[in-house]
Structure formats: structure tokens, C-alpha cells
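# Understanding the architecture of this molecule
So you can see what is in the structure, the chains are spelled out below.
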Amino acid sequence: MELKASNIKRLSNPTAYNLSVLGFIAFVILVVGSVYYATITVEYQWRWFKIPKYFMYQETIRLYAEEDGEIDTIKENGKKIDILIQQEDGLKTYTVPKGSFNWDEGDMTSHGDLIAEYSGSWRMGLMALGVLTTLKISVIATILGIFLGIIGGVARVSDTPVLKWSAITYVEIIRGSPLLVQIMIFYFVLGTTINKILAMNGLPTLDPEWYGIAALSIFTGAYVVEIVRAGIESIHPGQIEAARSSGMNPFQTMFHIILPQALKTILPPLAGQFINLIKDSSLLGMISIRELTKATREGITTSLQTFELWILCAILYLIMTFTLSMFVQWLERKGARR
Amino acid sequence: MIEVKNIYKTFYVPHEVKALVDVSNKIEVGEVVVVIGPSGSGKSTFLRCLNRLETADHGQILVDGVDIFDPKTNINTVRAEMGMVFQSFNLFPHLSILGNVTIAQKLVRKRSKKESEEKAMMLLEKVGIGDKAHAHPANLSGGQQQRVAIARALAMDPKIMLFDEPTSALDPEMIGEVLDVMKTLAQEGMTMVCVTHEMGFAREVGDRVIFMDEGMVVEEGTPEHFFKNPVNDRTKLFLKQIL
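What comes next is a walk through the structure. (Residues numbered from 1 in each chain as written. Chains lettered and ligands numbered in written order. Predicted model: local features only at pLDDT ≥ 70, side-chain atom pairs only at ≥ 80, totals over all residues. Heavy atoms only, no water.)

## Side note on the packing of aromatic side chains
For the coordinates displayed, the defined rule picks out 13 aromatic pairs over all chains. Both rings, one in B:F211 and one in B:F226, keep their centres 6.2 Å apart while their planes meet at 45°; by these two values the pair is tilted. Here B:F211, found in strand β9 (residues 208-213), pairs with B:F226, found in helix α8 (residues 223-228); they are 15 residues apart in sequence, far enough to count as distant. We classify B:F226 as buried; its relative accessible area is 0%. Members of the aromatic cluster, joined through ring pairs, are A:Y36, A:Y44, A:W46, A:W48 and A:F307. The aromatic ring of A:Y223 is capped on one face by A:R175, whose charged end is 5.8 Å from the ring centroid. The residue whose ring lies beneath B:R203 is B:F227, and the NZ or CZ to ring-centre distance is 4.7 Å. (Phe/Tyr/Trp six-rings, centres within 6.5 Å; stacked < 30°, edge-to-face > 60°. Helix = DSSP H or I, 4+ residues; strand = E, 2+ residues; numbered from the N terminus. Buried < 20%, exposed > 50% of the residue type's maximum accessible area, 1.4 Å probe, protein only. Lys NZ or Arg CZ within 6 Å of the ring centre and 35° of its normal.)

See below:
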């Protein structure tokens, strides 16, 4: 406390300070409690216990008889059991775990009867798959966005009209229309065209995912261009003069002198941009990419657990964005220590 | 070595200023030229034209016979032969002292890491800060930073050194250490052009003094002539004000 001395009056009395902390906790509990109470009032059934299966579940395997027949033999086969069924076209063997069936030798089976039901392997649930898709899309789009942004930012500060004007056009066009519209254009206009051309030449077509990633990275890239430009312009002109007067060419000056210094100033706004990217990826559900938001919607269609799943969805986004923001803060501190 | 032929330069931003008006000069190998004059007299612009940090509106500058304003000239190779030291040091804050002195050697002279570091250490010892090689510029005093800047320029083995008011941003007690390094350089026979307000340095080290005012060379000559028997009235007035 002493270290952060300032002339602004703070709560110096420890009791008052602790009471204030309690006040905050009480406020949070009050808000959450009221929401919970309100949902009870409208008779919403909370079923949080059903949520874990959206992350991991053990699949259930059911074997059905394909034809009418008669159970011929039931015999042990190592740790499993073989059920041999005499059917019209001969003996058929089903290998199942112990205790997964309820048949005796001599029983008659008809077409469609359940022969055995047992647990298979563990699989990832809908929400986990959604998170993975969102992460994959965000990581690829972030890398491409940084790449585009740095190239665009360097072009933006160039004196050459072809570079400078191209960068300005790119930024203005992309920033001037909604991301959702751009995603639609990328998928339904560019995607259709490109996939048709690919198919006409006998090449495999591209998944919607790639058009989504392209739309996101180009959108983010446009904002990164402006961030990089501001970073470059924040470097004192004397740095450029010192570099150029020692014989470095503009390219060397940019990549060895200016950008390394600019990186420090652009890191916080850059982080904000990539947090936005993670959140914006939720729009990709519109072109049938099953990222987190779309996965949530699908989960709700089948389970009707609207409240749980949407809250869960928000929390998962929060975890992703918060982790990124912590990571960038760590990078900043690491940079500041030098 | 350098031939300046009738150069003109006018700045229009923030308002019209005639920085250089028909300036001509010839700098010989091994000469120490000191450029003095009141602020706004165009002396810095003159210096910055010599390595094309500023482009003249008219006129020609020949460095070893190469016209540096010719678009076909590769200015980077010309600049590599000319060291420059700035008033505000302009060290690269993201690099260590050693990194500052080696980076241009590696990138422009294509020297190996080992070779450039040996050269850098030799020069840092020479300017008296060998022990700070791994520090960062922010941790050095102004005088130390300026000496690093001189070492950085020397690392390229320049044929000429340009000094743009190298001591103006320094605390008085640090001016001496930088001037000492410059004097040593002059004694070793380095060709130098110095824009400075240090009259002691001009008198002691300079082979020739150029006095500029309002973008023109008003008077030039040996230091003895210049300080003892100035001819021009403006020179007399300037000397009276500062001495």
C-alpha cells in the first residue's frame, strides 16, 4: 500500500475496506440470486447435471438383429462373449461384453430385436467440439490477420502510390461494411464461384470453414493495418534517420529498427482486436460452420436446455478471451522488463 | 572528397523558410570543417544534405565524384561511407549497446557476428564505455549515449563523419567527454564536418570554420582568421554575442 502512495484519499481504515469488499460480494450474489429467483418464478427447470455430456460422453452401442433367427450358442471368447445366431443364410456371430444382453440359448429373435446394448468409447461432446472449432478458426485467422496487417501497415506508410493506395482501399472497404455481410459474400459469392471453378477443373472443393477463416482474417487484417500504422508512426523520425544514415535500406530499417519498437505500443490494441476476432467467429454459424455458438444452438434444439447452454456458451467465450488477455498482459510485462 | 555546388533548399511547412541559398563548398580529405551560425541559419540543413537526409531543390553534391541527388545513385552505399551523429543521439532503444554498434555492420557491411562484435568492442573501448556493452541505451547518461552513437557511426569504417550539434542536448559536465572523443578522431586524420556551438572546439580542432546566416555562407576561413579578424558585420555581431 505504501508503495502506491498517491494524494488521492483511499480507504485507510481496514474495517471500512473489508466492509467494502463484502459489499461487492453481496452485490454479485444479489444480482445472480435475483436472476435465479426470476427463472424459478417462470418455472424454468434447471438441469445443470445434464451439462457434462456436452463435453464428454460415453457412446452407447446398440446391436439389432438384421433378420429373424434362433440363438444357437452363447459362449465365452476371452473377456467377451460370442452370441451365435442361426439365421436363414447361416450362422451369424455377434461379439459383445458380458452382461450387455438378456438372451438364452434357444430363444427366437426377430428382425429389429435388440441383441445387446453396451457402453463404447468416450467421445467429445457438442460444446467441446464447438470450442475446438472456434479455437482452430481463431488461431488460423489471427495468424493470417497479423500477416495481412503487418504487410498492409507497412504498405500504408509507404510513399509508393500502388502500395499506399492499395492499403487505404483495403482498409476503407473492409471497415465500411458489416462482418456478417462480408461473411455472406465470401461464402455465397466467392465461395460458390471458386468451388465451381475448382469442380470444373476436377479439383476438390473447399469447406465453408476456409471461406469463414478468409473472411475473418481479412476483416481483422484491415483493423490491424491501422494499428500497425499508428505503431510505426509513433516511432521517432530520428530512429529512421539514424538507421538510414548508416546505410540500411528502407526494408532493413522497417524490419530491424521500426517494427520491433512499434510492437511494444501496438500489443495492447492488437490484443483487443484478437479478442474481438474470437467473439466475431460466432457469426460463422451463419454459413453452417459448427463453431461454439452454432453448437450451442444445436444443443438447445435437441435438449431444450436453453438457459444452461447459453450461459455455458458465454462462459466458454469468456474463458477464451480472458486467457488471451492474460497472455498478452504477460507479454507486455516481459517486454517492459527489458 | 565532397563538392557542394550551388544548392538551394526551401521549406514550406510550417511556413516558408529559405534554409539554403546558393551554398557551395568543397571539403577535402582529412579536413575538419566546423559549421557555426545562429539557430535557423541553415547549418543543420546543409549537413543533412551531405548524406541526402534532406534533398536540395537545386544544385549538386558530389561525394567522391558521385552525384548523390541523381536518382540512379544507390544512396545506401554512399551513406555507408558517411557516419552521422545526431543531437538527440538516436540510439536504438530496443537493442543493447553492442547491438546498436553491430546491427549496421551485419546488415550493410555483411560482417559476421564475431567480426562485428570484435569491431564494436574495440570501438566501445576506444570511446571509454567497453564495460557497458550489454546495457541498454536507457541506462546510460547522455554523454555515454553520444559516445556510443559515435562508436556506432565509426563501426562502418566511414570516410567522413558528420556531426549535427552533438553536444547541444548534453548536460554541461558531459560535453567534455564527447568533445574529447571528437578531438581524438580529428587527430587521427578523420575527415569531419561538425555543426556545433562549441567555439573552443572550433578554434582548437577546426581546420576551417564556415559561418552561415539566413541560409548563406557569410564568411569562412581558418579559425585564427575567423575569430580574430572577422570581416563581415554579421560575423562580428554573432561572435560578440556568444564570446
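Next comes the rest of the write-up.
## Regarding the sheet that holds strand β4 (residues 90-97) of chain A
Overall, antiparallel pairing links the four strands, which are arranged β4-β3-β2-β5 (chain A) in an open sheet. In the strand order of this sheet, the two ends are held by β4 and β5 (108-109) of chain A, each with one partner. (Pairing = 2+ DSSP bridges.)

## Remarks on helix α4 (residues 179-200) of chain A
Residues and elements named next belong to chain A. In this model, α4 (22 residues) spans 30 Å end to end at C-alpha, consistent with the 32 Å of a helix rising 1.5 Å per residue. The sharpest bend along α4 reaches about 40° and sits at G191. Of the positions making up α4, those classed as buried are L179, Q182, I183, F186, G191, N195 and L198. Of the surrounding secondary structure, the elements contacted by the buried residues of α4 are α3 (161-175), α5 (208-233) and α7 (250-280). G202 sits one or two residues past α4 and shows a positive phi near 70°. (Expected span 1.5 Å × (residues − 1). Bend = angle between axes of the 7 residues up to and from the residue. Contact = heavy atoms within 4.5 Å.)

## With respect to the sheet that holds strand β1 (residues 2-11) of chain B
Residues and elements named next belong to chain B. Strand order across the open sheet formed by four strands is β2-β1-β4-β5, with antiparallel pairing between neighbours. Edge positions in the sheet fall to β2 (17-27) and β5 (66-67), since each has one partner strand and no second. Of the pairings in the sheet, the one linking β1 to strand β4 (residues 58-63) comprises five bridges and is antiparallel in character. Each residue of the ladder has a partner; that of Y8, found in β4, is H58.

## Some points on the pattern of salt bridges
All names here are of chain A. Overall, the coordinates contain 27 salt bridges over all chains when judged by the stated rule. Among the salt bridges present, the one from E298 reaches R290, with a minimum N-O distance of 2.6 Å. Take E298: its relative accessible area is 25%, and that puts it in the partly exposed class. The partly exposed category is assigned to R290, whose relative accessible area is 41%. A cluster of three or more residues bridged by salt bridges with shared partners is formed by R156, E226, R229 and E233. (Salt bridge = Lys/Arg side-chain N within 4 Å of Asp/Glu carboxyl O.)

Shape is all these values report; function is a separate question.
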